[in-house]
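Here is how the chains run, residue by residue.
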Amino acid sequence: MTSRRTFLAAAAVAATAAALRPLPAFALTPVAGPALLRRAIPSTGERIPVIGMGTSGSFEADAAGREPLKEVLRRFVAGGASVIDTSPNYSNAEDVLGDLMAELGLRDQIWLATKLAADDRAAGEAQFADSLRRLRTDRFELLAVHNLRDWKTQLAYARELKAQGKVKYVGLTHFRDDQHEALADIVAAEKPDFVQINYSVSAPNAARRVLPVARDTGTAVMINRAFDDGRLFARVAGKALPGWAAEAGVTSWAQMFLKFAISHEAVTVVIPATGKPDRQSDNLRGGTGSLLSAAQQAELVAMFA
Ligand SMILES: NC(=O)c1ccc[n+]([C@@H]2O[C@H](COP(=O)([O-])OP(=O)(O)OC[C@H]3O[C@@H](n4cnc5c(N)ncnc54)[C@H](OP(=O)(O)O)[C@@H]3O)[C@@H](O)[C@H]2O)c1
């Protein structure tokens, strides 16, 4: 039985350990409001928030450009989100993200995805070691083969790292419609944990084959380019939201575009990229409230065809 003395000693040790643990530089008070929706990753059942974030462009920042990114990250985590996608070939994005996660004490709250973008096994190994160093971590939640580059060798390597416990999930990515058939064939044959693909109101082609194949093979789906790399915002300048937007809790076009993506049953998470804090808050709202009906999704596709 634990004596009072042993208990008090243990409590003192625990209190000291808690006091010594590095605190996040920001107070990460959860934001009040509707909770972010979550979806299960089919291969494990782990549930992740439907809104994540990308880092292409937005985290390729110089010293001055890092400042707003701290608030972008703070709002992301305080809003209940966790999934961040990066890649070794987004210039210095891995370094910036790694530095800011360390500075803010956030690594354990981030579900971190990076990629292999290499042409042979030796280059993949060197790149993976570099990504660990640049992102200041000893593991990744997801390691995906970038744009199907050298995919057989790199997927096999990613699977070895998964077996070693250095990555939790493996995947494959692309961002162009002309690669959807090839990607769908590989997903059907290889059944990776994740596939990442472009899908938006103006580029809905993934719904023809990649998304159904992912659903049928139990592959989680991460959506890139939900804003068509920002081009969609020029198309809606001065344009009113559909009359039914409020029913779905949508108050901006950004939320509408993200809600379109997550309203497909096969989609697990969408990763919009922004370097602006207010846009981060806007994007997070897109993952709350009710989803769009099939008729509402079809209306949006027709509007942007
Ligand atoms: N092959 C691949 O694996 C692959 C390919 C493409 C993308 N990706 C991943 O997917 C992520 C997303 O794709 P993406 O970055 O190409 O494009 P995106 O998310 O479709 O669009 C990003 C653009 O939208 C703007 N934006 C973001 N939120 C906004 C808002 N609420 N209101 C108005 N404008 C807003 C951003 O500008 P500001 O920054 O100025 O806000 C930026 O110009 C990438 O960052 C990357 O992580 C992967």
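Let us look at the structure shown here. Computed from a predicted model, the values in this text were never measured in an experiment.

1. Here we look at the nonpolar core
1) Next: Residues Val-221, Ile-223, Phe-257, Ala-261 and Val-270 are the most contacted members of the largest nonpolar core, which totals 85 residues.
2) Next: In terms of residue count, helix α9 (residues 253–262) provides more of this core than any other element does, eight residues in total.
3) Next: Beyond its immediate stretch of four places on either side in the chain, Ile-223 contacts Ile-197, Tyr-199, Ala-261, Val-267, Val-270 and Ile-271.

2. A short note on the site of the ligand
1) Next: Near the ligand, the surroundings consist of 30 residues, among which Gly-54, Ser-56, Asn-224, Gly-230 and Ala-254 are the closest.
2) Next: For the shell around the ligand, the element with the most residues is helix α10 (residues 277–285), which contributes three residues.
3) Next: Residue composition of the shell around the ligand, by class: eight nonpolar, 15 polar and seven charged.

3. Brief notes about the sheet that holds strand β10 (residues 269–270)
1) Next: Spatial ordering of the open sheet is given by β3-β4-β5-β6-β7-β8-β9-β10, a layout of eight strands whose pairing is parallel. Strands at the two margins of the open sheet, each flanked by one partner only, are β3 (53–54) and β10.
2) Next: As judged from the five bridges shared by strand β6 (residues 140–145) and strand β7 (residues 167–173), these two strands associate in the parallel manner. Across the sheet, residue Phe-140 finds its bridge partner in β7, namely Val-167.

4. Focus on α10
1) Next: Burial in α10 covers these residues: Gln-280, Asn-283, Leu-284 and Arg-285.
2) Next: Buried residues along α10 sit against α2 (63–78) and α9.

5. Here we look at unusual backbone geometry
1) Next: Backbone geometry places Asp-228, a non-glycine residue, at a positive phi of 50 degrees.
2) Next: Position of Asp-228 relative to the elements: it lies in the loop between β9 (220–224) and α8 (231–235).
3) Next: Backbone geometry places Asp-229, a non-glycine residue, at a positive phi of 60 degrees.
4) Next: The topology assignment puts Asp-229 in the loop between β9 and α8.

6. Points about the environment of Ala-261
1) Next: Mapped onto the elements, Ala-261 comes out in helix α9.
2) Next: Overall, the presence of 30 C-beta atoms within 10 Å leaves Ala-261 in the buried class.
3) Next: Between the C-alpha atoms of Ala-261 and Ala-226, which are 35 residues apart in sequence, the distance is 6.8 Å.
4) Next: Apart from the residues within four sequence positions on either side, Ala-261 is in contact with Tyr-199, Ser-200, Ile-223, Ala-226, Val-267 and Val-270.

7. A look at the pairing of β9
1) Next: Burial analysis of β9 places five of its five residues in the buried class, which makes it a mostly covered element.
2) Next: Burial along β9 is two-sided: the face carrying Ala-220, Met-222 and Asn-224 and the face carrying Val-221 and Ile-223 are both buried.
3) Next: By the bridge criterion, five bridges tie strand β8 (residues 194–198) to β9 in an arrangement that is parallel. Bridging from a neighbouring strand, Val-195 pairs with Val-221 of β9.
4) Next: Following the chain from β8 across helix α7 (residues 210–217) to the adjacent parallel β9, one finds a crossover that is right-handed.
5) Next: The sheet contact formed by β9 and β10 spans two bridges and is parallel. If you follow Met-222 over to β10, its bridge partner there is Val-269.

8. Regarding helix α3 (residues 93–104)
1) Next: With twelve residues, α3 extends 16 Å from end C-alpha to end C-alpha; this agrees with the ideal 16 Å at 1.5 Å per step.
2) Next: If you follow the buried residues of α3, they end up packed against α2, β4 (83–85), β5 (111–116) and α4 (121–134).
3) Next: Note on α3: the residue one or two positions beyond its end, Gly-105, has a positive phi of about 65 degrees.

9. As for the environment of Leu-37
1) Next: For Leu-37, the location among the structural elements is in the loop between α1 (4–20) and β1 (38–40).
2) Next: In this structure, Leu-37 is in contact with Val-50, Gly-287 and Thr-288, ignoring residues within four places of it in sequence.

10. Looking at the packing of helix α6 (residues 180–190) against α7
1) Next: It is the contact of α6 with α7, at a shortest axis distance of 9 Å, that shows an interaxial angle of 5 degrees. Of the possible angle classes, the one that applies to α6 and α7 is roughly parallel. For the pair formed by α6 and α7, the contact residues are His-180, Leu-183, Ala-184, Val-187 and Ala-188 on the first element and Val-210, Val-213, Ala-214 and Thr-217 on the second.
2) Next: Its residues assigned to classes, the contact of α6 with α7 shows seven nonpolar, two polar and no charged.

11. Things to note about the pairing of β5
1) Next: In terms of residue burial, β5 counts as a mostly covered element, since six of its six residues are buried.
2) Next: By the bridge criterion, four bridges tie β5 to β6 in an arrangement that is parallel. Counted as the bridge partner of Leu-116 is Val-145 from β6.
3) Next: The parallel pair β5 and β6, bridged by α4, forms a crossover whose chirality is right-handed.

12. Concerning the environment of Ala-206
1) Next: Along the polypeptide, Ala-206 turns up in the loop between β8 and α7.
2) Next: For the pair Ala-206 and Arg-176, spaced 30 residues apart in the sequence, the C-alpha separation amounts to 9.6 Å.

The rules behind each value
Residues numbered from 1 in each chain as written. Predicted model: local features only at pLDDT ≥ 70, side-chain atom pairs only at ≥ 80, totals over all residues. Core = buried A, V, L, I, M, F, W, Y, C linked by C-beta atoms within 7 Å. Buried ≥ 20, exposed ≤ 12 C-beta atoms within 10 Å, placed from the backbone. Helix = DSSP H or I, 4+ residues; strand = E, 2+ residues; numbered from the N terminus. Contact = placed C-beta atoms within 7 Å. Near = placed C-beta within 6 Å. Nonpolar A, V, L, I, M, F, W, Y, C, P; charged D, E, K, R; others polar. Pairing = 2+ DSSP bridges. Right-handed = clockwise from strand over helix to strand, strands pointing away. Expected span 1.5 Å × (residues − 1). Axes fitted to C-alpha atoms, helices over the stretch in contact; angles between N-to-C directions. Parallel < 35°, antiparallel > 145°, perpendicular 65-115°, else oblique.

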